[in-house]
Amino acid sequence: MIQFSHVSKIYPNGTVALKDVTLEIQQGEFVAIIGLSGAGKSTLIKLINKMTDVTEGSLIVNKSDVRRLQGAELRRFRRRIGIVFQSFNLINRTSVINNVLAARVADMNFFSTLLGLYSRDDKLLALESLDNVGILEKAYSRADQLSGGQQQRVALARTLAQKPSIILADEPVASLDPITANQIMKDFKRINVDHNITVIANMHHVDMALKYANRVIGINKGEIVFDGPSSQVNEDLLKKIYGREITDEDIMFKKTLGE
Amino acid sequence: MNEKQKKRSTGDSESERLKRPRPVKAFLDRLAARNLAHRTTTLSNGATIVRPFSWSLTNSLIILVIFLFFWDMIVGAYFDKYDFMIFVRRIPNFLNILQKMWTEFDWSYFDFVVDPMVDTIQMALLGTAIGAVFSLPVAFLASANIVKSKIVSGVVKTILSFVRTFPTLVYAAILAFIFGYGTLIGVLATAIFTFGILTKMLFEVIETLDLSSFVAIEATGASKGKAFITSVIPQIMGSFLSFTLYSIEINIRSSAILGYVGAGGVGIMLDENMNWRRYGNIGVILVVLFVSVLIIENISRYLRKKLS
Ligand SMILES: Nc1ncnc2c1ncn2[C@@H]1O[C@H](COP(=O)(O)OP(=O)(O)O)[C@@H](O)[C@H]1O
Ligand SMILES: [Mg+2]
């Protein structure tokens, strides 16, 4: 479970990215966060695994007080939280399987890491993770030679190899074509349902958010302006979240909305 | 104006100096005027346009002449002419030695050169390997984009520039003073030098690297060190190997001379034969050295080409 209570985030340069955020996310939910660029979506996600620090308020994730976590304890906490980035963030010039295995080094001792000695179990887990997202046959290809969609699947497999309880995703399909984006979102959905893993995804495209998430959180200028089931989201609410009419820019499949 | 320059100009009164022909200046003025004319285009309606200066061959030559002119002024001010005359007068001695290397050349000395040459090569290879191994973790500490503390990377970089100040020969001399003579000194001196240059080349590569994968591995709960090993090292491995091979090329040359300060290898033999005026032997050593360097350099260059 994730509990934000009265959380604010002010960056060192004075930018107020989040204002008085209070929300609770239960284990196994699929939450989409929507809002204009600069609204604070990435910041919200980064707070959860402490890639950036909370300025005010309290944040409890998996019973840990995130503000107090540091050093070895923080690293142990992060092992159960996966994160998928818009730009995939894979290791170039390295095989797909080694990219996935990289998720295991947090649990390994330093010398095994140095020599790249992964256990049989870890290798099996990595291959199973790749199979789970349907690209087992690419295991021994170089990661930078795959298409964007395949690379994002590798990133997803890497996250699965962490055996996470939460997966965070920062605009995971914004740089992919609509067909591929849909397939990746289906992978997220399946993982969410099959393994009861909480998925929190920032979504650039409203239609994709509504299609796959059970719950939508709308942010406008750092404040939560909507939090409820996807089915409740209508044009008026979107206007409130975006502060303007929805344009083609905000939709991936341009004709689907309103049909 | 310093003392020496004053001395040089004594005897010339001010008016005499002005009257004296100044061929270099006249030459340069003429060149500049011609250059400007050359770059100017006049249209039929009388409008002119000057093409901007560019580094053409003639321009480069002019700059070189100007540079040499000033260089002569500066160097002339600080070095006595007599030094130069000694140098000129002894050129025949030098030619004489060269001639003896050739006429007294004796291949039977080859047998004595092989072992020290192997020592020299081993010093270079082992020293390079040791320096290379240590350069990776220190490059990690020196990279400002990985170690977020500016103090840590700054201090490490400062220490590294200090390490790089001295050439291998100086380290060998210092180490020989402390530990006595032997090949080990050469290995250590080569290792320190290699460490200094390799680390710098590596952190410069790391600092321009896309660290998104590093961030992703850190986010899985891995420490910075483990994230570095899994995500940065695979990306810099090509550069690392290439730099290491290049270091071998440099080190082979410098280790040949290390014997002079007591580090073993062919350097000692060069020193001894020089003292005994056995120029024929020196000829043999130089040939062996030349061939060895050539072979190693070509192997290294071949491997580096394969890497890139
Ligand atoms: N590291 C940072 N330092 C300062 N300001 C930042 C930083 N990261 C984000 N911001 C600012 O915080 C606000 C929210 O950013 P972000 O969370 O990235 O929004 P979104 O992901 O919704 O586009 C923006 O105004 C952005 O400029
Ligand atoms: Mg963002």
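Residues numbered from 1 in each chain as written. Chains lettered and ligands numbered in written order. Predicted model: local features only at pLDDT ≥ 70, side-chain atom pairs only at ≥ 80, totals over all residues. Heavy atoms only, no water.

Another point: the overall build of chain B. Along chain B, the regular secondary structure elements total 14 helices and 2 strands. Out of the 308 residues belonging to chain B, those deemed buried represent 37%. Put simply, of all contacts in chain B between residues at least 6 apart along the chain, 71% involve residues at least 24 apart. Approximately 19000 Å² of chain B is accessible, and the part contributed by carbon and sulfur atoms is 68%. (Helix = DSSP H or I, 4+ residues; strand = E, 2+ residues; numbered from the N terminus. Buried < 20%, exposed > 50% of the residue type's maximum accessible area, 1.4 Å probe, protein only. Contact = heavy atoms within 4.5 Å. Areas by Shrake-Rupley, 256 points an atom, 1.4 Å probe, with all protein chains shown as cover.)

Residue and element names in this part refer to chain A. Here strand β1 (residues 2–10) pairs with strand β2 (residues 16–25) via 6 bridges, running antiparallel. The residue bridging F4 from the neighbouring strand is L23, located in β2. In this antiparallel pair of consecutive strands, β1 and β2, the connection spans 5 residues, and G14 shows a positive phi of 100°. (Pairing = 2+ DSSP bridges.)

All names here are of chain A. Throughout the structure, instances matching the rule amount to 18 salt bridges over all chains. Residues K19 and E223 are paired through a salt bridge, measuring 3.9 Å at the closest nitrogen-oxygen approach. In this pair, K19 is assigned in strand β2 and E223 in strand β10 (residues 223–229), connecting sequence segments 204 residues apart. Here R215 ties to D227 by a salt bridge, and the two come within 2.9 Å at their closest N and O atoms. (Salt bridge = Lys/Arg side-chain N within 4 Å of Asp/Glu carboxyl O.)

With that out of the way, let us pick up the site of ligand 1. All names here are of chain A. Around ligand 1, the neighbouring residues are Y11, N13, T15, A17, L36, S37, G38, A39, G40, K41, S42 and T43. With respect to ligand 1, the backbone of A39 contributes an N or O atom lying 3.2 Å from an oxygen atom. Within the backbone of K41, one N or O atom sits 2.8 Å away from an oxygen atom of ligand 1. When ligand 1 is considered free in solution it has 560 Å² of accessible area, and contact with the protein chains removes 63% of it. Sort the elements by how many residues they give to the shell around ligand 1 and helix α1 (residues 41–48) lands first, with 3 residues. Residue composition of the shell around ligand 1, grouped by class: 4 nonpolar, 7 polar and 1 charged. (Near = heavy atom within 4 Å. Polar contact = N/O pair within 3.5 Å; in protein donor to acceptor, adjacent residues only side chain to side chain. Nonpolar A, V, L, I, M, F, W, Y, C, P; charged D, E, K, R; others polar.)

Residue and element names in this part refer to chain A. Here chain A is described as being made up of domain 1 (26–53 + 70–80 + 164–259) and domain 2 (91–163). Here domain 1 and domain 2 have C-alpha centroids that lie 25 Å from each other. Listed as interface residues are 17 residues of domain 1 and, on the opposing side, 13 residues of domain 2. The largest per-residue losses of area from domain 1 upon contact with domain 2 belong to R79, P164 and I184, which jointly make up 39% of the total buried on that side. (Domains from an automatic or database assignment. Buried area = accessible area lost by both parts, 1.4 Å probe.)

Glancing now at the domain arrangement of chain B. Partitioning chain B into domains gives domain 1 (21–53), domain 2 (56–99) and domain 3 (112–307). A C-alpha centroid distance of 51 Å is found between domain 1 of chain B and domain 3 of chain B.

Once that is clear, we can look at the packing of helix α12 (residues 224–257) of chain B against helix α14 (residues 279–307) of chain B. Residues and elements named next belong to chain B. At a minimum axis distance of 9 Å, the contact between α12 and α14 shows a crossing angle of 175°. In this view, α12 runs roughly antiparallel relative to α14, as classed from their interaxial angle. Along the contact surface, α12 presents G238, L241, S242, L245, Y246, I248, E249, I252, R253 and A256, while α14 presents L289, V293, I296, E297, S300, R301, L303, R304 and L307. Its residues assigned to classes, the contact of α12 with α14 comprises 11 nonpolar, 3 polar and 5 charged. (Axes fitted to C-alpha atoms, helices over the stretch in contact; angles between N-to-C directions. Parallel < 35°, antiparallel > 145°, perpendicular 65-115°, else oblique.)

This brings us to the sheet that holds β1(A). Residue and element names in this part refer to chain A. The strand order across the open sheet formed by 4 strands is β2-β1-β4-β5, and the pairing between neighbours is antiparallel. Of all strands in the sheet, those bounded by a partner on one side alone are β2 and β5 (64–65). Against the sheet, α1 engages β1, β2 and β4 (56–61), with an angle of about 120° to β1.

A separate point is the sheet that holds strand β6 (residues 81–84) of chain A. All names here are of chain A. Here we have 6 strands laid out as an open sheet, ordered β6-β7-β8-β3-β9-β10, and mixed in their pairing. Lying at the two open borders of the sheet, with one neighbouring strand each, are β6 and β10. With strand direction ignored, the average angle separating the axes of adjacent strands in the sheet is 15°. In this structure, strand β3 (residues 30–34) lies alongside strand β9 (residues 215–220), joined through 4 bridges in parallel fashion. Within β9, the position partnered with V31 by the bridge is R215. The strands that helix α6 (residues 148–160) touches are β6 and β7 (166–170); relative to β6, the one it contacts most, it runs at about 170°.

All names here are of chain A. In this model, H6 sits at a positive phi of 50°, which is unusual for a non-glycine residue. Positive phi, normally seen in glycine, also occurs at D20, with a value near 45°. Its place among the elements puts D20 in strand β2.

So, about the nonpolar core. Residues F188(A), M203(A) and V232(B) are the most contacted members of the largest nonpolar core, which totals 94 residues. Per-element tally for this core: the top contributor is helix α10 (residues 183–207) of chain B, with 9 residues. The residues touching F188(A), leaving out its near neighbours within four places in the chain, are F30(A), V84(A), L156(A), I167(A), A169(A), P172(A) and V199(A). The next biggest cluster of nonpolar side chains, apart from the first, holds 31 residues, and it includes L23(A), V31(A), I48(A) and L74(A). (Core = buried A, V, L, I, M, F, W, Y, C linked by side-chain atoms within 4.5 Å.)

Residues and elements named next belong to chain B. Here helix α3 (residues 23–39) spans 24 Å end to end across 17 residues, near enough to the 24 Å set by a 1.5 Å rise per residue. Buried within α3 are the following residues: L28, N35 and R39. Buried residues of α3 fall within an arc of 25° about the axis and therefore sit on the same side. Exposed and oriented more than 90 degrees from the buried face of α3 are P23, R30, R34 and A37. (Expected span 1.5 Å × (residues − 1). Arc of directions from axis to C-beta.)

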